[in-house]
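Structural characterization, general
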Amino acid sequence: MVCNQAASGIAAVGRETGIPTMFGVLTTENMEQAINRSGGKVGNLGSDCALGAIDCARLLQSIKTG
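Computed from a predicted structure; not experimentally measured.

Analysis parameters
- Residues numbered from 1 in each chain as written.
- Predicted model: local features only at pLDDT ≥ 70, side-chain atom pairs only at ≥ 80, totals over all residues.
- Heavy atoms only, no water.
- Helix = DSSP H or I, 4+ residues; strand = E, 2+ residues; numbered from the N terminus.
- Rg over C-alpha atoms; globule rule 2.2 N^0.38 Å.
- Buried < 20%, exposed > 50% of the residue type's maximum accessible area, 1.4 Å probe, protein only.
- Contact = heavy atoms within 4.5 Å.
- Lys, Arg positive; Asp, Glu negative; His and termini not counted.
- Charge placed at Lys NZ, Arg CZ, Asp CG, Glu CD.
- Patch = residues over 30% accessible without salt bridge, like charges linked within 9 Å, V, L, I, M, F, W, Y side chains within 5 Å.
- Areas by Shrake-Rupley, 256 points an atom, 1.4 Å probe, with all protein chains shown as cover.
- Salt bridge = Lys/Arg side-chain N within 4 Å of Asp/Glu carboxyl O.

Once that is clear, we can look at the overall build of the chain. Within the chain, the regular secondary structure consists of three helices and two strands. In the chain, the order of α-helices and β-strands from amino to carboxyl end is α-α-β-β-α. The C-alpha atoms of the chain give a radius of gyration of 15 Å, which is well past the 11 Å a tight globule of 66 residues would have. Its C-alpha atoms give the chain principal-axis dimensions of roughly 45 × 25 × 10 Å. Among the 66 residues that make up the chain, the fraction classed as buried is 6%. A separation threshold of at least 6 residues defines the contact pool for the chain, and within that pool the share at least 24 residues apart is 25%. Distance between charge centroids for the chain: 6 Å, based on 5 positive and 5 negative side chains.

In this section: the environment of Ser-62. Within the element layout of this structure, Ser-62 appears in helix H3 (residues 45-65). A relative accessible area of 38% means that Ser-62 is categorised as partly exposed.

The next point concerns a nonpolar patch on the surface. A surface patch of nonpolar side chains, amounting to about 220 Å² of accessible area, comprises Leu-26, Val-42 and Leu-45. If you trace the backbone, Leu-45 turns up in helix H3.

On the secondary structure map, Gly-43 appears in strand E2 (residues 43-44). Separated by 18 residues in the primary sequence, Gly-43 and Val-25 place their C-alpha atoms 14 Å from one another.

Here is the structure:
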């Protein structure tokens, strides 16, 4: 429930402002999943999201500066 509302709010920010937004919230059922998704077996999904945001910002900057 919380994840769905957070995702909807973040998507709305992107739509209303025209600024791309990233959703990097881990939704887990237990500590093991949280550990695995934040640097364990699955890799660091938060880091992946941050890198995506940086790539997006660089792309927008290059478009604006031509």
